[in-house]
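Below are the chains, spelled out letter by letter.
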Amino acid sequence: MNSTPEIQSELMVIGSGLTGMAAALFAANRNISTTLVGRPAEINFASGLLDLMAVHPVKRSQVWRDPWAAIAAMCRDNPNHPYARLNPDDISLAIEEFTCFLAGEGLRYRWRARQNVEVITPIGTTKPTYCVPDTMWNGVEALEGRRRGLLIDFHGLKGFSARQIAESLRHRIPGLRTIRITFPDSRAEVYPEAVARSLENPSTLKRLSREIQPHTGKARWVGLPAILGIHRSADVCGRLEAMLGLPVTEIPTMPPAITGIRLREAFEQGLPQLGVQTFLQHQIVETPETDGSGFRFLIGGDDNVTPVATRGAVLATGRFFGRGLRADRSMIHETVFDLPVCQPETRRQWHRKDFFDPRGHNISRAGLETDDRFRPVNQDGRPIYPTLHAAGSILAHQDWIRMKCGAGLAIATAFGAVNAYLKANPRS
Amino acid sequence: MKTQVLIIGGGVTGTGLARDLAMRGVHCIVVEKRDINAGASGGNHGLLHSGARYVGSDPEAAVECREEGRLLKQLAPHCIENTGGLFIAVKGDDPRYIADFPGMCERCGIPCRRLDPVEARELEPELSENVIAAYQVEDATVDPFKLSLDNMAHAQRLGAVLLRDTRVTAFERQGSRIRTVRLIDTRTGRAISIEADQIVNASGAWAGNVAALAGATIKMVYSKGSMLVTQNRVTGRVINRLRQASDADIIVPGGTVSILGTTSVRVESPDVIYPEIDEVDRIIDDSAAVVPSLATTRYIRAYCGVRPLVRPECEADDRCASRGFTLRKHENAGLENFVSITGGKLTTYRLMAEKTADIVCRRLGVSEPCRTRTDPLPSSVDAKWTEPGLAPSLWMKKGNPNDILLCDCEMVPQSTVDSIVDSIQKQNGPAALTAIGLRSRIGKGPCQGTFCSQRVAAYLYDRRTLNAGQGIGELRGFLRERWRGQRPLLWDTSLIQSELQEAMHCGLFGLDLPSSLPTEKDR
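Residues numbered from 1 in each chain as written. Chains lettered and ligands numbered in written order. Predicted model: local features only at pLDDT ≥ 70, side-chain atom pairs only at ≥ 80, totals over all residues. Heavy atoms only, no water.

A. Representation of the state of the cysteines in the model. Residues and elements named next belong to chain B. Counting across every chain of the model gives 0 disulfides over all chains. Left without a disulfide partner, C65 is nearest to the cysteine sulfur of C108, which lies 10 Å away. Here C105 is not disulfide-linked; the sulfur of C112 is the nearest cysteine sulfur, at 4.1 Å. Exposure remark for C105: the relative accessible area of 0% places this residue in the buried category. (Disulfide = S-S within 2.5 Å. Buried < 20%, exposed > 50% of the residue type's maximum accessible area, 1.4 Å probe, protein only.)

B. Focus on the nonpolar core. F26, Y83, F98, F297 and L315 of chain A together with I88 of chain B are the most contacted members of the largest nonpolar core, which has 162 residues in total. Excluding residues within four positions of it along the chain, F98 of chain A makes contact with L18, A22, L25, F26, L50, F267 and I411 of chain A. Grouped together as the second largest cluster of nonpolar side chains are 41 residues, I120, F160, A166 and I173 of chain A included. (Core = buried A, V, L, I, M, F, W, Y, C linked by side-chain atoms within 4.5 Å. Contact = heavy atoms within 4.5 Å.)

C. A look at the domain arrangement of chain A. Residue and element names in this part refer to chain A. Looking at chain A, the domain boundaries give domain 1 (2–105 + 261–424) and domain 2 (122–251). Summarising the inter-unit geometry, the C-alpha centres of domain 1 and domain 2 are found 33 Å apart. Facing 17 residues of domain 1, the contacting portion of domain 2 comprises 20 residues. For the pairing of domain 1 and domain 2, the buried interface totals around 1400 Å² over both sides, and the portion due to carbon and sulfur atoms is 57%. Linking domain 1 with domain 2 are 3 salt bridges. With a closest N to O distance of 2.8 Å, E250 and R262 form a salt bridge. Viewed at the interface, domain 2 and domain 1 are joined by 11 residue pairs in polar contact (both at pLDDT 80 or more). At 4 residues, the largest contribution of residues to the side of domain 1 that touches domain 2 is made by helix α9 (residues 258–273). (Domains from an automatic or database assignment. Buried area = accessible area lost by both parts, 1.4 Å probe. Salt bridge = Lys/Arg side-chain N within 4 Å of Asp/Glu carboxyl O. Polar contact = N/O pair within 3.5 Å; in protein donor to acceptor, adjacent residues only side chain to side chain. Helix = DSSP H or I, 4+ residues; strand = E, 2+ residues; numbered from the N terminus.)

D. Broad picture of empty space enclosed by the protein. Scanning the entire structure with this criterion turns up 10 cavities of 30 Å³ or more. In this model, the largest cavity occupies a volume close to 150 Å³. When residues of the lining of the largest cavity are traced back to their parent elements, those giving at least two are α10 (400–403) of chain A together with α14 (492–508) of chain B. Here the lining of the largest cavity takes 4 residues from α14 of chain B, the largest share from any one element. Looking at side-chain class alone, the lining of the largest cavity contains 6 nonpolar, 4 polar and 4 charged residues. By volume, the second largest cavity is sized at about 100 Å³. Forming the boundary of the second largest cavity are 13 residues, of which L107, P133, T135, S233 and R262 of chain A lie nearest the centre. Looking at the lining of the second largest cavity, the elements with two or more residues in it are α4 (134–144), α8 (233–244) and α9 of chain A. Among the elements that take part in the lining of the second largest cavity, α9 of chain A stands out by supplying 3 residues, more than any other. (1 Å grid on protein atoms, 1.4 Å probe; cavity = no way out; pocket = protein on both sides within 12 Å on 5 of 7 lines; lining within 4 Å. Points joined across faces, edges and corners; volume = space filled by probe spheres on them. Nonpolar A, V, L, I, M, F, W, Y, C, P; charged D, E, K, R; others polar.)

E. Inspection of the side chain of Q164 of chain A at higher detail. Its location among the elements puts Q164 of chain A in helix α5 (residues 162–168). A distance of 2.8 Å separates the side chain of Q164 of chain A from the side chain of Q454 of chain B, its partner in a polar contact. Filtering out sequence-adjacent residues up to four positions away, Q164 of chain A remains in contact with P122 and I123 of chain A together with Q454, A457, A458 and Y461 of chain B.

F. Layout of the interface of chain B and chain A. If you look at the interface, chain B gives 61 residues, while chain A gives 56 residues. Summing both partners gives a buried area of about 5400 Å² for chain B against chain A, and 61% of it is carried by carbon and sulfur. Applying the counting criterion to the chain B and chain A interface returns 12 salt bridges. K404 of chain A is paired through a salt bridge with D512 of chain B; the nearest N and O atoms lie 3.0 Å apart. Remark: the boundary between chain B and chain A carries 30 residue pairs in polar contact (both at pLDDT 80 or more). Breaking the side of chain B that touches chain A down by element, the ones donating at least two residues are α7 (277–288), α12 (452–462), α13 (470–486) and α14 of chain B. In terms of residues, the side of chain B that touches chain A owes the most to one element, α14 of chain B, which gives 14 residues.

G. The arrangement of the domain arrangement of chain B in detail. All names here are of chain B. We note that the domain assignment places domain 1 (2–40 + 145–219 + 323–364), domain 2 (47–142 + 221–310) and domain 3 (384–509) within chain B. Each of domain 1 and domain 3 was reduced to a C-alpha centroid, and the two centroids are 30 Å apart. Tallying the contact residues gives 12 residues for domain 1 and 14 residues for domain 3. Between domain 1 and domain 3 the total buried area reaches about 1100 Å² when both faces are included, carbon and sulfur atoms providing 47% of it. For the pair domain 1 and domain 3, the number of links is 3 salt bridges. For D35, the salt bridge identified is with R439, shortest N-O distance 2.8 Å. Where domain 1 packs against domain 3, one counts 1 residue pair in polar contact (both at pLDDT 80 or more). Of all elements in the fold, only α5 (144–157) and β9 (161–163) reach the threshold of two or more residues within the side of domain 1 that touches domain 3.

H. Region of the structure containing the sheet that holds strand β9 (residues 150–154) of chain A. Residues and elements named next belong to chain A. Strand order across the open sheet formed by 4 strands is β10-β9-β11-β12, with parallel pairing between neighbours. Each of the sheet's edge strands pairs with one partner strand only, and the pair in question is β10 (177–181) and β12 (248–251). Averaged over all pairs of adjacent strands, the angle between strand axes in this sheet comes to 25 degrees, irrespective of strand direction. As defined by bridge partners, β9 adjoins β10 across 5 bridges and the pair is classed as parallel. The residue of β10 that forms the bridge with F154 is I181. (Pairing = 2+ DSSP bridges. Axes fitted to C-alpha atoms, helices over the stretch in contact; angles between N-to-C directions.)

Following this line, the structure appears as C-alpha cells:
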C-alpha cells in the first residue's frame, strides 16, 4: 500500500450521499477549501424526488398539503427534530441553492412554493413530495387533472409494469391505457443504464417514438419509466414530446435507479469544478486523530492511503444503509469517530412487530444528538469536538422514511452545519 | 358440496390422510383456513428423526420415529436429504446422560455408533474444540412443504379436493351425526356448506377450537418453538446436543442453509405468534457452544410454530408432554362421525394418517388396506419449486434469455412463477404473493423480498393474475409475513437490508400510508 503526501484542506466532508454532496456544495460555494470522501452507494438508490416534509404525526399517518405547515407543527410537537434547529427561511434557501446547482448540471426541478404534490410510484400508488424533476412534472399535473394517458413499459424491465400502475390508479385516473415496447431489439432482460444511455442517441429515440406513435389515440400524455437519458434527460424528454406532440412524463422505477445515477453524476462532475477535492473511491481507514485545533484523517483507496489534515469536518455518513451507523446484537455504534449514539435501551425496542406499524420503528429515531450548531454532543450536551458537525439521516429524533423528509433533512442540515462552521470560523 | 370424508387442516397430517384415503378409493375434501403447512407442519426444523432424540424421554415415540423414518427414506426420497446425524456433547454437559445414551438407543433398536471427538470434528469441521463425546445416528432432513404438497397433489390426482382459505364456522348435528359443515371463504366472505359422512379434525394446534365447534372437548397446551435460518449451511449433518431434550439443541441443514432451534414457550393461543428476540438470542448462544461460528454468522430469518400438545405430565416443561399422537373418536360427546387426530411429529405423519384412515374406513365400510406403507410418494410439479437450487439449475440449463430472473437472491425466473400460478389455480385459490412464496424460494434469500416482491407483483399484473389495486394488499401482506421472521435478527448486514426495505416500500412506494384503495366496484 502506497502512502501519498498529506493533503491540507479546511473542511472534510465524510460521506457521498445526498447530505455529503450537499455539504460539499455549500462549503465550496462559501469559499471553504473542501475535501469529500466516501464511496457513493446510497445515492444510486435515490428516486430523484426531493421530499421536504409530508407526514406528521407519523402515528396518525396525517399527510400534509403544506410542507412548511407540517414542519412548523412537527417542530412544536418534537423540538428535538433536526429541522427545529433551522429556521424555515434557511431551509428554503438551502433548497434553492441545491436545486440551482443541479439545474446548472442539467437536472431541473419544479415545485410549488407552499405545496406538496403527488407523484406516481412504480407500484401505482402515489407519493407526496416537494421538488420534482422537470421530467416528472407532467405526471403530477396529469394526476391532478385526471387526464387520460398512455403508459409505456419495456419488455425485460423488471419490476415496472405499466399495467400494474394503470390498474392500481384506475380509481384516480380513468382510462389509462398501456402498451409494452420491445426495446431495443430483444425480449431479454433490459438494463436501465444501457437503455438510458442509448436513448440519448437521437436515432434511437426516434425509433422509440415511432413505436409509440400509433398507440397514442386519445391520450393527452405519455408516461414512461424514468430511463430517458442520463446527462440530458430534459433534452431527451423534450425531443420525445416534440416527436409525439404530447406531454411526456417519467415515472420513478424501482431502486437502484437511473434517477440516482443522474444525481451522482451531476455531483461527480460539478463538485470538482467548484474546487472540491473528491475522493469517491476512498474511505476513512482509521479513527481520525485530533489535536483540538483540527483533524488528521487517513483515507484509503484500492492501493493507497492519503493523509488529509483539516480544520473542521462534516459527518454525513448516513444511517445503517450508508454505513454511518452499525449495530451488533446489543448496541448501535457510530462508525467513524465512535460518537455516542442516542438509542433505545435494548434491541427488543428497536423494531415493531408489524413492519407497517403506523408509529414507525424506534430504531429509526436513533442517531447523533447535536447542539444548535449541529455538533455531536456527549451525555452532558457538550460538543465532543469543537469543529465536528453532523448532518443528514445520521441525526437522531427524526424518521425520514415515515415523515417523508429525507432529501429536505439532508440538504437543510448540511446547509445548517456548513453555515455554523463558517460562522465560528469566519473568512478573513 | 358432498363428500365421504371432510378433512379439516392442510398440514402434513391432513394432506397425508387425503392421500391415504384417496388411495383406498375414498373421496375426500381438505379444507384449510390458510394455506398448506400454515401451522406446525411448516413451523419446524424439517428433521426426520432417527428416534435417538427421544430415547431418554419417550421410548415409544423413539421407536415410531425409527420405523417411520426408515420407511419415508424409501418411499419419499425426493423429499429427504439423507444427511445422517451426530449427537454431540461439549464440556459441561451431563456425563450420566452421555454414558446412558448408547444403552437407551440399543433398547429402542436405534443404531448409534460412537465416534472419537477428533473423528467427529473431521466429519464436521465447524464443531467446537470442546466436544467430549459424539455418536453417529441415522437422522435425515425432510422438506415439509414438498412432503405436504406432494401428498396433496397425489390425492388430487385421485379425486380429492383442496379448498384453501376456507375456515369452518359451524357443525350442524342431527342426533349423533354431524350432517353439514358450514364454512367461509376467508378471502371473499362467501359461505360454503359441505355434507360429509365422516369428518376428521386434523387442525393441529387448532384441534381444540374445531372440536369445541362440534361440542367436543380436547384440552390443548400450546407450546411455541422458534427457529433460526442461517445464510449458509454450516454443517453437512444434523447436529443434536447430546443431553436430555432441551432448548436450542438441534442444528439441521436444509439445502443451502442451516436451521437452529428450538425453544419451548407456553402461549395462550396459536393464532398470533412471533419468534421473539430473547428466544433468538438464547438459541444463538446455546448453539454456538457446539458450533462456535454460529455466534457471528449471518442469519436470514426466524420463524416459529406451535406444538399442539395434549395433556402435559408436568407443568414446568412442555417437553414432558408426549409427542406421540392421540386419536379421539369423541364418542363420549355423543358423536359417531367425527375424529380428531392430534399431537405426533412430522416424522410419524404417515403413521398418523394411516391409523386415522383405518378408523374412518371402518366406519365407512371400506375394506381397502392402507397403501402408503408400500407405494412410493410420487413427485409433483406443485411441490417442485420449494427445493433450493432447482429453479436456477433448470433456468441455466434451458438458457432462455427471455425467461427473466425475478428473484436474484434465489435465482427464480418468470417460468417458475408461471408454473406455480398454474398449479395454485388448480387448487381453487388465488395465486397470491404469499402463496407463491410458500411454494418457491422467492423472498427466502438475503433480501427477504425487498426486490422480488414488487418484481413478482409486476409480473403477476402482466399475466393478468392481479387486477385493480390487489397488488398493494399483496405487497403489504407478503412483506408483513416476511417481517415476522426478520425482526428478531436485525443487526449488522440484516439491519442494513431492512433499512433499504423500509426506505423503498414505505419511503418511496408509500405502503405505510393508508391509500385510497380502489374498491371492488373498480374491478
